[in-house]
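# Residue-level structure breakdown
As a plain string of letters, each chain reads:
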Amino acid sequence: MSNIYEKNTITEDGQLMLKKAEKDQIETVWDRYQAQLPQCGYCEMGLSCRVCNMGPCRVDPFGEGPQKGVCGADADIIVARNLGRMIAAGAAAHSDHGRDLVEVLENVAEGNAPGYAITDVEKLKQVALDYGINIDEKAPLRIAGELAHAMQGDYGTRKKELTLVKRAPKKRRELWRNAGIMPRGIDRETSEMMHRTHMGVDNGWQSLLLHALRNALSDGWGGSLIATEVSDILFGTPKPTPNTVNIGVLKEDEVNIVVHGHNPVVSEMILQACQEPDLLRMAKEKGAKGINLAGLCCTGSELLMRHGIPVAGNHLMTELVIATGAVEMMLVDYQCIMPSLGTVASCYHTRMISTSDKARFPGMEHREFHPDNSRELARELIREAIENYEQRGQVYIPVEPVQSVGGFSVEAIISALGGTPAPLLEAIKAGKIRGVAGVVGCNNPKIRHDHGHVTLTQRLIENDILVVDTGCAAIATAKAGLKMADAIRYAGPGLKEVCGALGIPPVLHMGSCVDNVRILILASALADALGCDISDLPVAGSAPEWYSEKAVSIGTYFVASGVYTVLGPMPPITGSMNVVKLLTEGLNDVVGAAFAVEPDPEKAALLIRRHIESKRRALGLDA
Ligand code: XCC
Ligand code: SF4
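These figures come from a predicted structure and were not determined experimentally. (Residues numbered from 1 in each chain as written. Chains lettered and ligands numbered in written order. Predicted model: local features only at pLDDT ≥ 70, side-chain atom pairs only at ≥ 80, totals over all residues. Heavy atoms only, no water.)

### Section: empty space enclosed by the protein
- This model, assessed by the stated rule, comprises eight cavities of 30 Å³ or more.
- The volume enclosed by the largest cavity comes to roughly 180 Å³.
- The residue makeup of the lining of the largest cavity, split by class, is 17 nonpolar, three polar and no charged. (1 Å grid on protein atoms, 1.4 Å probe; cavity = no way out; pocket = protein on both sides within 12 Å on 5 of 7 lines; lining within 4 Å. Points joined across faces, edges and corners; volume = space filled by probe spheres on them. Nonpolar A, V, L, I, M, F, W, Y, C, P; charged D, E, K, R; others polar.)

### A few points about the layout of surface pockets
- Taken as a whole, the largest pocket encloses approximately 1,400 Å³ of empty space.
- In terms of lining residues, the largest pocket is bounded by 41 residues, among which M86, K446, Y547, E549 and P572 are the most central.
- Residue assignment for the lining of the largest pocket shows that the elements contributing at least two residues are α3 (29-36), α4 (41-44), β1 (48-49), α5 (75-109) and α23 (549-560).
- When residues in the lining of the largest pocket are grouped by element, the largest group, six residues, is from α5.
- Looking at the lining of the largest pocket, its residues break down into 22 nonpolar, twelve polar and seven charged.
- Each pocket or cavity is described by its volume, and for the second largest pocket that value is around 340 Å³. (Helix = DSSP H or I, 4+ residues; strand = E, 2+ residues; numbered from the N terminus.)

### Section: the pairing of strand β8 (residues 351-354)
- With four bridges joining them, strand β7 (residues 327-332) and β8 adopt parallel strand pairing. Across the sheet, residue V332 finds its bridge partner in β8, namely S354.
- Two elements, β8 and strand β9 (residues 365-366), share two bridges in a ladder whose sense is parallel. Of the residues in β9, the one forming a bridge with S354 is H366. (Pairing = 2+ DSSP bridges.)

### Structural notes on the sheet that holds strand β15 (residues 564-567)
- Spatial strand order, β13-β12-β11-β14-β15-β16: six strands in an open sheet with parallel pairing. Both edges of this open sheet fall to β13 (507-511) and β16 (595-597), since each of them pairs with a single strand only. Across the sheet, the mean angle from the axis of one strand to that of its neighbour is 25°, orientation sign disregarded.
- Sheet analysis places β15 next to β16, joined by three bridges and oriented parallel. Note on β16: the bridge partner recorded for L567 is V597.
- Here helix α22 (residues 516-530) sits on the sheet and contacts β11 (435-439), β12 (465-470) and β13; the angle it forms with β12, its principal contact strand, is near 145°. (Axes fitted to C-alpha atoms, helices over the stretch in contact; angles between N-to-C directions. Contact = heavy atoms within 4.5 Å.)

As structure tokens, this is what we get:
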């Protein structure tokens, strides 16, 4: 690693853009990270508490200073409470995203959402059946209304168990019931987490962590699963589609529109507007060859999965994309949108638009999307973006885009397998595929950008482990060329043979962060076919570069669902060895899986391989 650019990121576009940003005097996430060093040691260990106004308090990890907060909370309580609140925030974010989709579904049913429609009627019916809705002779819109209503019921407190947990293997559900962690209501579990962590409520670090599992499960098998299913119903269930990735997807001679955030509710309408003939004509009149829509982060993955729309980059690339000077307009909704973006854009002609009633940002213009005005507002904004093309200064797009294939919903994978999971199981049984690993999550300036995702994935596929990925991890491996049609040349012999025969890459893009539940549904299908629990399968999860509270919730519902999960960056828990031990060992006795932490992806790959091989032995697969 010869220079700071190469130290920060493995990507060529990232390195070149960092150089450009420096020249333009743009401050990036890496600069601000450096300025924060050394970060607070108490906070890093989870030992500081701001829960109440007798504090803030901190516990001295060396045993010299105070060992208790003003209220008497010790390190175990403080660490567990802090972790619980991280999970509550992550679960709230995913589940509120799901709620917004349910509201759109409801508005579609009532005829109040022009431009939106029921795209996958089959899925609508199948999910409605899961909810026990009688669909006989009912029009799709009526079913949609009833389904939206029933889903809203899952958010509240009226149930003993969330509806869609029925998709988990029977053994798993029994385990959740016996452990007292069956999620009951999506909002309820988050609300209860906030209650328990109020001063003077739950001061048992074990009971706090158990509820944290339940809270995370309410995200995974509740809010996130609803988000995925309703997105499929409204916008279509993804099928394998070719696409392109990295900053090279921006076009020098077209109007570049970038969507960033998470919820397809906005980005889908922007996509529609970008295809309107009168707006395309207008772009040509302004001297542009066309309108080029590209995505960032998860809303990018949503569009990529369903329509093959190109993705310009993942989380740490979002500032650098603006520094190309090529973006006429960036529209954001919520989550993972750095509040620095407006400042970066002020150095270029880029217009920054915030669109959600619950997310504002400095230096952005607020234009609020609601189901009833989305179509019109999207058209209006694209018109303004086209006007802005004339304001463009110098443009720097230093790389060519990389080809990739995305769109691997569970339905698409099963269909690629010929309609049943059996061929995948046969390949696993025969040892051609040793197991399956989900590589998910964010970027974090604490880890060299994309190094964790790409290195881990390479090591796994070389060793015949099929990788399924989502979110920023999925964009990282796509940029690295691991999702090209001929990427099987990087795979071990068995995986290469199987993927080659099926015509799929060895790394399957399964979607955005809420789509992590697709991985669990796939795991459930495998477990059901083998008549075992998820925790018996040769599968593992990993979040090599995670940063967000959502990722903590995801990791936790993976583990609570029985998936051994390796985190890259250490969560703020090292102030309590009791908590560390429970999460990395003790949970094996509760849910049959636990966490590991390993920032070095080479070593993380060994941990995962060892785990997968041990599960294979336990199942008698290599006897
Ligand atoms: Fe955000 Fe979803 Fe993380 Fe990427 S992976 S940084 S959460 S955009 Ni979900
Ligand atoms: Fe301090 Fe206890 Fe209040 Fe936390 S809850 S800030 S440890 S007094």
